[in-house]
Amino acid sequence: MTKQELRIYIKKILQTHQSSFKSESSRICKKIISSDLYKNARIILCYIALQDEVNLSKILLQAQNDKKKVFIPKVYSGTETLIKMDFFEITKNDTLTTGSFGIPEPDSSNLPFDFTDYQNEKVLILVPGRAFSKTGERLGRGKGYYDSFLKNKLQNCVIAGVCFPFQIVNEIPVEPHDLKMDFMFY
């Protein structure tokens, strides 16, 4: 199955499971919060979910309550060759604005997340995807935002894929630029 065929297949699967998104998101958030990966991390890079992704709003709130630094992505519009995504810190008082893909995004007036600024901190990066294999291969939406951003990650970072259980497949076609997850939450 090609990447595009797998994306179409997963989209159909997601449509048949919409009624379970809320309860599955809650279950997965509890799993993340109770994990050692979360407990040991001082920095959390998280995402704001699209309608068919695991909603991590509970993680955002819990991490802020736990006094962790929380960063969420901002995608910059551009041509196909100008793929750009940065993460910016948010606090409970920050106002988000609707950005690319209709997703709430942070203000970009602060400096973006830089891996070298946090090389002595434990960093947990929660990554969405269209599909994942149990061994950590990831199929994204095809634009390469996460692959591009994460190519410079440091050893102190754990990249964890986050998805619904019905997004797990046996095999994902991968290319050299495709980043593998260190851990999976589903």
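One can find the structure itself at the top, above this paragraph.
Because the structure is predicted, anything quoted here is derived from the model rather than measured.

**Comments concerning the sheet that holds strand 10 (residues 168-169)**
Strand pairing in a sheet relies on backbone hydrogen bonds. The paired strands run either parallel or antiparallel.
Here comes step 1: Read from one edge of the open sheet, 3 strands run 8-7-10, paired in mixed fashion. One side of each edge strand has no neighbouring strand; the edge strands of this open sheet are strand 8 (138-139) and strand 10.
Here comes step 2: In this sheet, strand 8 lies alongside strand 7 (residues 131-133) in antiparallel orientation, the contact comprising 2 bridges. Bridge pairing in strand 8 links Phe132 to Arg138.

**Description of the nonpolar core**
Here comes step 1: Core analysis: the largest hydrophobic core is formed by 57 residues, its most contacted members being Ile32, Ile44, Leu45, Leu56, Phe113, Ile125 and Leu126.
Here comes step 2: Per-element accounting of this core gives the leading share, 5 residues, to strand 6 (residues 123-127).
Here comes step 3: Here Leu126 is in contact with Ile32, Ile44, Leu45, Cys46, Tyr47, Leu56, Ile59, Ala160, Val162 and Phe185, once residues within four sequence places are set aside.

**Structural notes on the pattern of salt bridges**
Here comes step 1: Tallying each qualifying case throughout the model produces 11 salt bridges.
Here comes step 2: We note a salt bridge from Glu89 to Lys69, for which the minimum N-O separation is 3.7 Å. Taken together, the residues span a long stretch of sequence, with Glu89 in strand 3 (residues 84-90) and Lys69 in strand 2 (residues 69-76) at a distance of 20 residues.
Here comes step 3: A relative accessible area of 27% means that Glu89 is categorised as partly exposed.
Here comes step 4: Taking the shortest distance from any N to any O, the salt bridge between Asp182 and Lys153 comes out at 3.7 Å.

**A word on the packing of helix 2 (residues 21-33) against helix 4 (residues 57-65)**
Here comes step 1: Across the interface, helix 2 lies against helix 4 with an axial gap of 9 Å and an inter-helix angle of 30°. In terms of their interaxial angle, helix 2 and helix 4 are classed as roughly parallel. At the point where helix 2 passes helix 4, the crossing takes the right-handed sense. Contact with helix 2, carried on its side by Ser26, Cys29, Ile32 and Ile33, involves Lys58, Ile59 and Gln62 of helix 4 and no other residues of that element.

**Brief notes about the packing of aromatic side chains**
Here comes step 1: One pass over the full model with this rule turns up 11 aromatic pairs.
Here comes step 2: An angle of 40° between the planes, with centres 4.8 Å apart, marks the rings of Phe87 and Phe149 as tilted. Linking Phe87 in strand 3 with Phe149 in helix 5 (residues 145-150), this pair joins segments that are 62 residues apart in sequence.
Here comes step 3: One aromatic cluster is present, formed by Phe71, Phe87, Phe113, Phe115, Tyr118, Tyr146 and Phe149 through successive ring pairs.
Here comes step 4: Of note, Lys68 hangs over the ring of Tyr38, and the distance from its end group to the ring centre comes to 4.7 Å.

**What about the layout of surface pockets?**
Here comes step 1: By volume, the largest pocket amounts to about 530 Å³.
Here comes step 2: Together, 28 residues line the largest pocket, and Arg138, Arg141, Lys143, Tyr145 and Tyr146 are the ones closest to its centre.
Here comes step 3: Listing elements by their share of the lining of the largest pocket, those giving two or more residues are helix 1 (3-16), strand 2, strand 5 (104-105), strand 8 and helix 5.
Here comes step 4: A class-by-class count of the residues in the lining of the largest pocket yields 13 nonpolar, 5 polar and 10 charged.

**Looking at the pairing of strand 3**
Here comes step 1: Counting buried residues in strand 3 gives 5 out of 7 residues, a clear majority hidden from the surface.
Here comes step 2: Here 7 bridges tie strand 2 to strand 3, and the two strands are oriented antiparallel to one another. By the bridge assignment for strand 3, Pro73 is matched with Phe87.

**Comments concerning the side chain of Asn156**
Here comes step 1: With respect to the helices, strands and loops of the structure, Asn156 is situated in the loop between helix 5 and strand 9 (157-162).
Here comes step 2: A distance of 2.6 Å separates a polar side-chain atom of Asn156 from the backbone oxygen of Tyr118.
Here comes step 3: Among the polar contacts made by the side chain of Asn156, one reaches the main-chain carbonyl oxygen of Glu121 at a distance of 2.4 Å.
Here comes step 4: If sequence neighbours within four positions are ignored, Asn156 has contacts with Tyr118, Gln119, Asn120, Glu121, Lys122 and Val123.

So, how was this worked out
Residues numbered from 1 in each chain as written. Predicted model: local features only at pLDDT ≥ 70, side-chain atom pairs only at ≥ 80, totals over all residues. Heavy atoms only, no water. Pairing = 2+ DSSP bridges. Helix = DSSP H or I, 4+ residues; strand = E, 2+ residues; numbered from the N terminus. Core = buried A, V, L, I, M, F, W, Y, C linked by side-chain atoms within 4.5 Å. Buried < 20%, exposed > 50% of the residue type's maximum accessible area, 1.4 Å probe, protein only. Contact = heavy atoms within 4.5 Å. Salt bridge = Lys/Arg side-chain N within 4 Å of Asp/Glu carboxyl O. Axes fitted to C-alpha atoms, helices over the stretch in contact; angles between N-to-C directions. Parallel < 35°, antiparallel > 145°, perpendicular 65-115°, else oblique. Left-handed = near helix turned anticlockwise from the far one by under 90°. Phe/Tyr/Trp six-rings, centres within 6.5 Å; stacked < 30°, edge-to-face > 60°. Lys NZ or Arg CZ within 6 Å of the ring centre and 35° of its normal. 1 Å grid on protein atoms, 1.4 Å probe; cavity = no way out; pocket = protein on both sides within 12 Å on 5 of 7 lines; lining within 4 Å. Points joined across faces, edges and corners; volume = space filled by probe spheres on them. Nonpolar A, V, L, I, M, F, W, Y, C, P; charged D, E, K, R; others polar. Polar contact = N/O pair within 3.5 Å; in protein donor to acceptor, adjacent residues only side chain to side chain.

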